[in-house]
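Listed below are the residues making up each chain.
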Amino acid sequence: MSNALRHPKIAVVGVGRVGATTAYAMILEGLVPELALIDIDRRRCEGEAMDLSHGASFVRPVKIYAGDFRACQGADLVIIAAGASQKPGETRLDLTFKNAHIFKDIVPKITAQAPDSILLVVTNPVDILTYVTLKMSGFPPERVLGSGTVLDSSRFRHLLAEHCGVDARNIHAYVVGEHGDSEVLVWSRANVIGLPIADFCQLCGQGCPPGWQQEISSQVRRAAYEIIERKEATYYAVALAVRRIVESILRDEHSVLTVSTLTPMPEIGEVCLSLPAVLGSRGRERIFRVNLAPEEEIQLQQSARLLREVIERLDL
Ligand code: NAD
């Protein structure tokens, strides 16, 4: 039986490029009847609420308003996109201390108002900040998620779809580990119309250019850097990724998406990273620790170790 929420409320904390675009994507989908927007820049946030509200006659009914943290009250889901973003050449991990400092301030303000909510972190470095949010909130791990590698998995599927000449929705392929430079593209499990990639390419018979897989891996890992160099920030695709996560939770869809959550890594210690996870109305309902190829498993362990090292430098 579906446990879809009937009149869900969402709060977005941090209504900059990512937060505002995510709000827009959710409104277009008619996903939510009540949307609270919170930002340290109150005037700008009010402007976003006004601008988004003026589309009311073209979308499903939705009440949109700006407020302070009290506006989080009663939210079923709080999306956190507040904080600094990457400048050209900066890595996501370079943002750690700046954004962890902001999170230590805002997470208690959110949880005081919405103690039963699901928290969805988008701010980078997303895996580290998901862990910070978990610790600061004291919420159970099922209710603290990061957007993780949902976007990277979509980039992987898009590039495979172009290579194979089919719709990206007919590709199943995941990126796991850190949403960042150490992420792992799971080539060993990628499939097109149910076939492993190698079998599909043989069937297709058009001949793949040499080095095509390395080229796709590099493009997925470098995507954010390439976009930031050209237009300073990324926000459309991540907004769609977040909308998709929200949809699976609010509609209790049990979709499998690679969100970042607390993941058992016995030899490394506590860490949040992405693996395929089932998302429903209770948040993360299951994680799948799929068998990887030996070199992919080594890369995943390295990714987890790197994240753990950063966590150990934080004063939590
Ligand atoms: P932005 O600068 O446009 O917006 C950030 C917003 O946060 C601003 O409106 C700012 O006023 C607000 N803010 C800062 N401190 C705050 C506080 N204490 N309380 C409330 N609001 C506060 O940045 P952006 O481009 O929207 O990026 C936001 C974050 O999302 C960055 O960390 C970026 O790296 C990250 N991001 C993540 C992904 C992903 O896949 N997870 C993709 C793209 C961007």
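See the structure shown above.
A brief report on the enclosed structure follows. Per-chain numbering applies: the sequence of each chain, read as written, is numbered from 1 onward. Restriction of local features to residues with pLDDT of at least 70 applies here, the model being predicted, together with a cutoff of 80 or more for giving and counting side-chain atom pairs; totals for whole chains, interfaces and linings are based on all residues. Excluded from the side-chain calculation are hydrogens and water; included are all heavy atoms of the structure.

A look at the overall build of the chain
Here is the rule: Elements are defined by DSSP. Helices are runs of H or I of four residues or more, strands are runs of E of two residues or more, and each kind is numbered from the N terminus. In this description the radius of gyration comes from C-alpha coordinates, and the expected globular size is given by 2.2 Å times residues to the power 0.38. Partly exposed residues are those whose accessible area sits between 20% and 50% of the maximum for their type, while under 20% is buried and over 50% is exposed, using a 1.4 Å probe and protein chains only. Residues are treated as being in contact if the distance between any of their heavy atoms lies within 4.5 Å. His is not counted here, nor are the chain ends, while Lys and Arg score as positive and Asp and Glu score as negative. Charged groups are reduced to one reference atom each: NZ for lysine, CZ for arginine, CG for aspartic acid, CD for glutamic acid.
When helices and strands are counted, the chain shows 9 helices and 16 strands. Its C-alpha radius of gyration of 19 Å places the chain within 12% of the 20 Å reference for a compact globule of 316 residues. Along the first, second and third principal axes, the C-alpha atoms of the chain reach 55 × 45 × 45 Å. Counting every position in the chain, which comprises 316 residues, the buried fraction comes to 53%. Taking as baseline every contact in the chain between residues at least 6 positions apart, the subset at least 24 positions apart corresponds to 72%. Charge-centre separation for the chain: the mean point of 34 positive side chains lies 4 Å from the mean point of 38 negative side chains.

A look at helix H7 (residues 212-231)
Our working rule: In a helix, the anticipated span is given by 1.5 Å times the number of residues less one. What we call the bend at a residue is the angle made by axes fitted to the seven residues finishing there and the seven residues starting there.
Look at H7: 26 Å from first C-alpha to last across 20 residues, which is about the 28 Å you get at 1.5 Å a residue. Along its length, H7 shows its largest kink, about 55°, at Arg222. Of the residues making up H7, those classed as buried are Trp212, Ile216, Ser217, Val220, Ala223, Ala224, Tyr225 and Ile228. Tucked inside the fold, the buried residues of H7 contact helix H5 (150-164), strand S8 (175-176), strand S9 (184-185) and helix H6 (197-204).

Structural notes on the site of the ligand
Counted only if it meets this: By convention in these notes, a residue is near a molecule or strand provided one of its non-hydrogen atoms lies within 4 Å of it. Two N or O atoms count as a polar contact when they lie within 3.5 Å, although within protein this holds only if one can serve as hydrogen donor and the other as acceptor, and sequence-adjacent residues are included solely when both atoms are side-chain atoms. Accessible surface area values rest on a Shrake-Rupley calculation with a 1.4 Å probe, where residue burial reflects the displayed protein chains alone.
Contacts to the ligand come from 23 residues, most closely from Arg17, Val18, Asp39, Ala84 and Val122. Here an oxygen atom of the ligand sits 2.8 Å away from a polar atom, N or O, in the main chain of Val18. Measuring from an oxygen atom of the ligand, one finds a backbone N or O atom of Ala84 at 2.7 Å. Contact with the protein chains removes 87% of the 870 Å² of surface that the ligand exposes when unbound. Secondary structure elements with two or more residues in the shell around the ligand: helix H1 (17-29) and helix H3 (96-113). For the shell around the ligand, the element with the most residues is H3, which contributes 3 residues.

What about the state of the cysteines?
The criterion, for reference: Our working definition of a disulfide is a cysteine sulfur pair at a distance within 2.5 Å.
In the structure shown here, the tally under the stated rule is 0 disulfides. Left unpaired, Cys164 is separated from the closest cysteine sulfur, that of Cys201, by 5.3 Å. On the basis of relative accessibility, which here comes to 10%, the residue Cys164 falls in the buried class. Here Cys208 is not cross-linked by a disulfide; its sulfur's nearest cysteine counterpart is in Cys201, at 3.6 Å. Classification of Cys208 by relative accessible area gives partly exposed; the value is 33%.

Things to note about the sheet that holds strand S10 (residues 191-192)
What counts is decided by this rule: Only strands joined by at least two bridges in the DSSP assignment are considered to pair.
Spatially, 3 strands are ordered S7-S10-S11 in an open sheet, and the strand pairing comes out antiparallel. Whereas interior strands pair on both sides, the edge strands pair on one side only; in this sheet they are strand S7 (171-172) and strand S11 (195-196). Where S10 meets S11, 2 bridges bridge the pair, whose relative direction is antiparallel. For Val192, the partnering residue across the bridge sits in S11 and is Leu195.

What to know about the environment of Val246
Relative to the helices and strands, Val246 is located in helix H8 (residues 236-250). In contact with Val246, not counting residues within four places along its chain, are Ile10, Met26, Leu31, Leu77, Ile79 and Leu120.

A few points about the environment of Leu262
Structurally, Leu262 is set in strand S13 (residues 260-263). Through-space distance from the C-alpha of Leu262 to that of Gly146 is 9.7 Å; in sequence the pair is 116 residues apart. Among all residues touching Leu262, those that are not within four sequence positions of it are Tyr131, Leu134, Pro141, Glu270, Val271, Cys272, Arg284 and Ile287.

Quick notes on H5
Look at H5: 21 Å from first C-alpha to last across 15 residues, which is about the 21 Å you get at 1.5 Å a residue. Looking one or two residues past H5, Gly165 carries a phi angle of roughly 70°, positive in sign.

Examining the nonpolar core
Nonpolar side chains in soluble globular proteins tend to end up buried together. Operational definition: We define a nonpolar core as any set of buried Ala, Val, Leu, Ile, Met, Phe, Trp, Tyr and Cys residues linked to one another through side-chain atoms lying within 4.5 Å.
Counting residues in hydrophobic clusters, the biggest one holds 44 residues, and the most contacted among them are Val13, Ile38, Val78, Phe103, Ile110 and Leu300. Among the secondary structure elements, those contributing two or more residues to this core are strand S1 (9-13), strand S2 (34-38), strand S4 (77-80), H3, strand S5 (118-121), helix H4 (126-137), strand S14 (271-274) and helix H9 (294-312). Residue contributions to this core peak at 6 residues, all from H4. For Leu300, the contacting residues outside a window of four places in its chain are Val176, Gly177, Val184, Met265, Leu273, Leu275, Arg289 and Leu292. Core analysis: the next-biggest nonpolar cluster, separate from the first, contains 37 residues, Leu35, Ala49, Leu151 and Val242 among them.

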